[in-house]
Amino acid sequence: MKQTVLSGIRATGRLHLGNYLGAVKGMLALQEDSTIDTFFMVADVHTITTPYDIDELKLNRREVIIDYLAAGLDPERSTLFLQSMVGEHLELSFLFSSVMSIARMQHLPTFKDKVKQYPDHATMALLNYPLLMASDILLYKANLVPVGIDQEPHIEIARQVARKMNEAYGTDFPEPTRFATKGEYVPSLQGSGKMSKSVAGSFISLTDSEAEILERLKAAPTDDGKGNLQTMPQGVKNILQFVELFSGAEKRAEYEAQYEGAGIRYGDLKKELAASIAAELKPLQAKRAELMVNPKYIDDVIATGATKAQAVASRTLDEVKEKMGLG
Ligand code: AMP
């Protein structure tokens with residue numbers, strides 16, 4: 001069976017290491033396989049499900065395209081597009097809402113978390129977020145979705161929608177699964193929770209310099225550097241996870257041995273870690289600088305991507321409307 005991939009990132013700001021390791025690295029790996037069709041969008045419509053600034057959204061959705069290109073996503077091999085330019089996403093999500101119960105959507109942990117975070121914005125758009133995501137995926141009949149582990153409940157909704165639509169209307173949607181990367185859960189720098197754009201102090205941006213990375217790492221909580229691995233505080237475990245992700249498992253094992261022996265000198269560890277992270281980000285930042293001076297190229301990528309995505313999306317939507325009696 002032909003493999004098709006879809007993924008997206010909201011246009012809420014510059015990408016951080018969580019987006020990079022949890023999502024973009026998976027996208028890059030899948031783009032490498034020429035037998036797989038890859039669709040990567042900027043989820044700009046998803047951005048309006050929580051409070052946002054109009055001017056920032058306009059800017060950020062373009063910035064995400066630039067980040068994609070800087071990271072190595074290639075418009076010759078992948079379809080890169082803005083979700084809002086392909087209206088089929090919205091139309092199909094409404095059709096999907098006819099097969100899902102309100103209760104199922106209200107009980108999603110991701111919905112409850114967002115309502116806690118933004119108690120004055122418990123909107124229908126927020127409740128519908130997972131159905132729009134199901135529509136994003138199923139419009140392209142994607143069976144693989146490279147996203148972080150936080151998105152698993154939403155992928156489950158997409159599978160359920162696919163099953164219900166297939167049963168009720170005889171559509172042929174695949175049941176998508178998540179494509180996991182080594183960085184499927186990147187922790188916050190603050191000692192608990194995940195790295196997130198909406199939590200200041202939790203993240204390292206892909207555009208940060210080595211000095212900025214070091215400053216952010218310096219603020220991360222540690223202990224006195226010695227003790228038992230079993231009782232190691234979560235903040236220290238998180239730092240060692242970053243060491244493993246950027247400097248390798250051997251380096252982590254070295255630090256763990258120090259923790260149980262003479263002790264870790266966090267000043268040195270954080271300097272070394274900042275240098276490893278900066279080394280990985282350097283080529284992306286150089287590419288980003290090149291892209292920034294060529295706005296016409298970015299415009300072309302966005303326009304071409306929308307046309308390519310829409311050709312596939314409109315075919316699927318027509319099929320579904322026909323089967324639902326709306327053709
Ligand atoms: P968002 O910014 O919420 O639109 O997320 C975009 C992508 O980045 C999704 O695939 C998320 O699962 C992924 N992502 C966001 N934060 C993290 C994190 N801390 N660890 C791993 N993946 C993440």
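The structure presented is a predicted model; accordingly, all values stated were derived computationally and were not measured. (Residues numbered from 1 in each chain as written. Predicted model: local features only at pLDDT ≥ 70, side-chain atom pairs only at ≥ 80, totals over all residues. Heavy atoms only, no water.)

Inspection of the secondary structure assignment puts Leu6 in strand S1 (residues 4-10). In this structure the C-alpha to C-alpha distance between Leu6 and Ser93, which are 87 residues apart in sequence, comes to 16 Å. (Helix = DSSP H or I, 4+ residues; strand = E, 2+ residues; numbered from the N terminus.)

Next up on the list: the domain arrangement of the protein chain. One can read the domain layout of the protein chain as domain 1 (3-185 + 294-323) and domain 2 (210-290). In this structure, domain 1 and domain 2 have C-alpha centres spaced 32 Å apart. Between domain 1 and domain 2 the total buried area reaches about 1,100 Å² when both faces are included, carbon and sulfur atoms providing 58% of it. On the domain 1 side of the contact with domain 2, Leu17, Tyr20 and Ala70 bury the most area, a combined 42% of that side's loss. (Domains from an automatic or database assignment. Buried area = accessible area lost by both parts, 1.4 Å probe.)

The subject of this paragraph is helix H1 (residues 17-31). When the terminal C-alpha atoms of H1 are compared, their 20 Å separation across 15 residues agrees well with the 21 Å that a helix rising 1.5 Å per residue should span. Roughly 35° is the biggest bend found in H1, and it falls at Val24. Here H1 lies mainly inside the structure; 13 of its 15 residues are buried. (Expected span 1.5 Å × (residues − 1). Bend = angle between axes of the 7 residues up to and from the residue. Buried < 20%, exposed > 50% of the residue type's maximum accessible area, 1.4 Å probe, protein only.)

Attention now moves to the pattern of salt bridges. Following the criterion strictly, the structure yields 27 salt bridges and no others. The closest approach of N and O atoms between Arg61 and Asp44, which form a salt bridge, is 2.9 Å. In this pair, Arg61 sits in helix H3 (residues 54-71) while Asp44 sits in helix H2 (residues 44-47), placing the two residues 17 residues apart along the sequence. Residue classification places Asp44 among the buried positions, given a relative accessible area of 3%. A salt bridge links Lys251 to Glu272; the nearest nitrogen and oxygen atoms lie 3.4 Å apart. One end of the pair, Lys251, is in helix H11 (residues 249-260); the other, Glu272, is in helix H12 (residues 266-292), and 21 residues separate them in sequence. (Salt bridge = Lys/Arg side-chain N within 4 Å of Asp/Glu carboxyl O.)

Further remarks concern the layout of surface pockets. Here the idea is plain: a probe the size of a water molecule rolls over the atoms and shows the empty space left. In this structure, the second largest pocket encloses a volume near 360 Å³. Along the wall of the second largest pocket there are 18 residues; nearest its centre are Ser97, Met124, Leu127, Asn128 and Leu131. Contributions of two or more residues to the lining of the second largest pocket are made by helix H4 (88-96), helix H5 (102-106) and helix H7 (124-139). If one sorts the elements of the lining of the second largest pocket by residue count, H7 sits on top with 7 residues. (1 Å grid on protein atoms, 1.4 Å probe; cavity = no way out; pocket = protein on both sides within 12 Å on 5 of 7 lines; lining within 4 Å. Points joined across faces, edges and corners; volume = space filled by probe spheres on them.)

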